[in-house]
Structure formats: structure tokens, C-alpha cells
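Here is what each chain is made of, one letter per residue.
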Amino acid sequence: MSVSEADDLPLFAPSKKVYPQSVSGLFRRLKWGLLVVCLAIYYLLPFLRWDRGPNLPDQAILLDLAHNRFYFFFIEIWPQEVYYFTGLLVLAAFVLFLMNAVAGRIWCGYLCPQTVWTDLFLAVERAFEGDRRERMQRDDAPWSADKLWRKGAKHLVWLMIAWWTGGAWVLYFADAPTLVRQLATLTAPGMAYVWIGILTFTTYALAGHMREQVCKFMCPWPRIQAALTDDEALNVTYRYDRGEPRVSVKQAARLRAAGQPAGDCVDCRQCIAVCPTGIDIRDGAQLDCIQCGLCIDACDTVMDKIGRPARLIGYDTEANLKRRQDGLAPVYRPLRLRTAIYAALILLVGGAMLYQLATRSTAGISVLHERTPLFVRLHDGSLRNAYTVRLLNKRPETRPFALSVAGLPGIGVEAIGVRATADFRPVIDVDPDSSREVRVLVTIPPGTPLEQSQVITFTASDLFAGEVVRTQDHFIAP
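Just so it is clear, the model here is predicted, and its values are computed rather than measured.

Caption draft 1: Main features of helix H11 (residues 221-228). Regarding H11, the residues found buried are Trp221, Pro222, Gln225 and Leu228. One side of H11 carries all its buried residues, which in axial view fall inside an arc of 125°. Residues of H11 that are buried in the fold lie against helix H3 (83-103), helix H4 (106-111), helix H10 (212-218), strand S4 (235-238) and helix H17 (337-359).

See the structure below:
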């Protein structure tokens, strides 16, 4: 090949449309079951109610942007607790790492939204256009009334699914029954229609048209997974020690009768026909494989027909392939150092988040010492420092907080513009879901032995609920 001819070659191979064939078997049934469960959770969860008491929303899962709240059943997350979302992301990462260490890309093959919606769209496509061979023949045939109505009906159902997918998403951001009525009467907020349109388009494009391209080129997880896997992880594997050399059924019978080696693989290519990404699993581990197990079902069906043992393709490890070649029995080690570390990290992060949730407060206090001046000497010889105290109320009702200060003998506190209790503690009323700042004067009587800077404690006590929050600052003396 000349240099000029080489320069004319494309930099990448053009993609070929994949026509996955339907298949039945254990893993296909498992995928159908998980598809139904995942879609039911996604579409129906916004309508699930959870009683939180008066003046609070009763939607079980709600991201209430208007009031800066995230509700998840009995858990309520406030804006200043965004670290919980960070913890959830870290936890999700470790769960993915553990799943990968145990059984490869089972997330991709069974639970990934791209996989779930693509399976649903493929089921619709088969319902209108038939299985693999019929779809290929119809695509190659000229346009006709039959082809037009079948493809038109398919795309219409796809758009309806995509539209409801986008509609279900916005229901997590507002009261679901109310928003459904507003959407039906065209009185919903404009941003609801915008996001439904965006998600309708992306669902229709990704699940209906791009399909395996998302898994092969857009998703970063296959590259990350390839760097994290090891020889002891279960992956969908072609057992070439048993399958090679590939020959037809009749040739295999003649070879075995003659005492010569013959593999169980008859090169029927059913594993390729059913693969949603169009790969040949017999070529070994590949980034394009989503580990869905459909090729296992297809191969088992063929093995059953020709009277050979099942699981020529199955979940196995690279280490076991080498063991079989050496005449050793396979060994499965789901519990090993890597998986133990991931499990420990999951327990650690999850436990820390649960502890933080169980011990968190619904109130807060912060104190800022005024700098100009740092202290004031009064006419009677007493010493005064001024502070700005901010009280935070995370509850949906007004709460009165009694403020006190401790740490020095005879210390007194006064809050400008607020009432006081019988024991002279200032009472600061804080509105629901808000904070309030007050100027506080702390006074030490004359003759009190003082260092230049001493730690004092500010305590705010809810007069109704009894919740107490504290913080410390310094009292400055000459």
C-alpha cells in the first residue's frame, strides 16, 4: 500500500447497526424482572406518600428546591448538609467497585438506566417490527405502507415512553399529583415543560438510537472498570479450553469417534446475534461487553440442542481458565483482600453517615467577636465584649431560644432588642427555616481575675423542645 493510499484510509471504523436477537433463559428472565422493578420504582415512587406532620410535604421522596429541602422518607436534608450527597456519591463508588471486584460489570448489564431503557425500547421495536431477521429485512426493503406504519408506531411509542420518563423526573421536584394536574391543564411552571422536553429528547436519542454507542464510547465506566478488575473477578467468559477447536456438530462427532480433539463450540454465532453491543465474546474480555449474560442463555440453548453440557459461555474468572488448562479444579474466591477492603469502606462510610444522621441537631449557633473595639471598660470598672450571635432554626415552626454564657465568674449577657426570661436569659425567637442574628453584650464584673484571652461558652436552649446547642469564643481583656 502506498503512502497516499494509507493517508486516504479512515481514522476509525464506521459503526454498524446492531440488531439484537431475542433470547430466553435464566439471565433474560432476570433482566426482565429487574427491568420491571426498576421502572416501577422510577415511575411510581413520586406518588408514594409519607406523613411528616403538619406544614410539611407528604411526598416520600421530594427535592423541594423552593424551600431548600430534600426529603427521603423519614430523612430530611438541609442545604448546609450537602456533605450527605458527597457521602452518597462516595458510597455509590465503593459499591460499584465491590460489584466489579465480585462479578465485573453487572451494574451495566442489569441495573444501568441506559440498559434498562434500551431493553424496553428493544421490546417495543420487536413488537412492531419483529425479531432480528425481520428487522434487518425490513430495513433493507424499500418503503411501503406496512413499513411506514410499523416504524411510525414504534417511534410514537418510543416518544410516549420518553415523554413519561421526563415527566416522572420532574415529579421528584414538586408534589406529584398536583404537578400532574397542572401538566394536564397546561398550568405547570414553564421549567417543568423545559425539563420534560430535554429528558424526552435524551431518552429517545440514547435508548432508541444510540444504544450500544453510549456503552462503547460515551460511558467512562468501562475504562475505569478495566483498570480495577483482576483475575479473580467473575466475568462473562468463553471457556476456550472447552470450546476450541471450533467445528460443526457432524465434524465434532467424527473427530471424537476418531479420538481426536473437538471443541464444543459449533460456530453458530448465536452469542453474537443476541449481544446488545454486537461483540463476539469468544474473542476474550472486551470493553464493549456489558456482562448482561444473554450470550450465556443463547449458548446454553444451542448446547442443549446438540447434547453438550451447558455453560460453554458463563460467569467465570481468568484465573480459572488458566487452572483448567493446567488440569486443576476451578476455585472461586468472592471473599478476598480487595473485596474485603471495599466492603469495609462501604460499612465505614455508611456507618459514619448513619451516625451523623442519628446525632445531628435541628438548631445551630455561631458567634463572631466584634473587633472594633475588642473590649470596653465601663464606668463602674466592669469589662464588656460585644458579639454577633447567629441562631439557626431548621424546623418548620418558630422556636424561642434562651441564650446563656458561661466560663467566667459573675459573667452576664444581654441581647439588644430581645426579651428576657425570669433568670435574665435573653430569649431569641427564630422564624421557621431561617436564621437570626442578634448583637450580644457579655459583661464581667470589676475585680474578676482575667487573662488577656479566656474561652467562654455560648449556650442556646429551645424553651419548648429542650434542644441545646453550644459554641465557644474568647473574652478579650486588657
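Read on, since the account is not over.
Caption draft 2: The arrangement of the environment of Arg133 in detail. On the secondary structure map, Arg133 appears in helix H6 (residues 132-140). Residue Arg133 is classed as exposed on the basis of its relative accessible area, which comes to 62%. Along the chain, Arg133 and Gln21 lie 112 residues apart, while their C-alpha atoms are 8.1 Å from each other.

Caption draft 3: Local environment of the nonpolar core. Val440, Val442, Ile456 and Phe458 are the most contacted members of the largest nonpolar core, which has 27 residues in total. Excluding its chain neighbours within four sequence positions, the residues that come into contact with Val440 are Asn385, Ala386, Tyr387, Val389, Leu403, Val413, Glu414, Ala415 and Phe458. Core analysis: the next-biggest nonpolar cluster, separate from the first, contains 26 residues, Ile61, Leu91, Leu120 and Ala207 among them.

Caption draft 4: Main features of the packing of aromatic side chains. Per the counting criterion, the structure on display carries 19 aromatic pairs. Where Phe121 meets Trp158, the ring centres are 5.2 Å apart and the plane angle is 25°; that geometry is what we call stacked. You can see Phe121 sitting in helix H5 (residues 113-129) and its partner Trp158 sitting in helix H7 (residues 145-170), a full 37 residues away along the chain. A relative accessible area of 0% places Phe121 in the buried class. The structure contains a cluster of three or more aromatic residues connected by ring pairs, namely Tyr42, Tyr43, Trp117, Trp169, Tyr172 and Phe173. The positively charged end of Lys31 is found above the aromatic ring belonging to Tyr110, 5.7 Å away from the centroid. For the cation-ring pair, Lys147 lies above Trp143, with the distance from its terminal atom to the ring centre recorded as 4.5 Å.

Caption draft 5: Structural detail: the sheet that holds strand S1 (residues 61-64). Read across the sheet, three strands follow the order S1-S2-S3 without closing on themselves; strand pairing throughout is antiparallel. If you trace the sheet from one side to the other, it starts and ends with S1 and strand S3 (75-77), each paired once. Within the sheet, the average angular offset between the axes of one strand and its neighbour, ignoring direction, is 10°.

Caption draft 6: Inspection of the pairing of S1 at higher detail. Across four bridges, S1 lies against strand S2 (residues 69-72) in antiparallel orientation. When the bridges of S2 are listed, Leu62 appears paired with Tyr71. Hairpin connection, S1 to S2: the antiparallel pair is bridged by four residues, and Asn68 has positive phi, about 55°.

Conventions used here
Residues numbered from 1 in each chain as written. Predicted model: local features only at pLDDT ≥ 70, side-chain atom pairs only at ≥ 80, totals over all residues. Heavy atoms only, no water. Buried < 20%, exposed > 50% of the residue type's maximum accessible area, 1.4 Å probe, protein only. Helix = DSSP H or I, 4+ residues; strand = E, 2+ residues; numbered from the N terminus. Arc of directions from axis to C-beta. Contact = heavy atoms within 4.5 Å. Core = buried A, V, L, I, M, F, W, Y, C linked by side-chain atoms within 4.5 Å. Phe/Tyr/Trp six-rings, centres within 6.5 Å; stacked < 30°, edge-to-face > 60°. Lys NZ or Arg CZ within 6 Å of the ring centre and 35° of its normal. Pairing = 2+ DSSP bridges. Axes fitted to C-alpha atoms, helices over the stretch in contact; angles between N-to-C directions.

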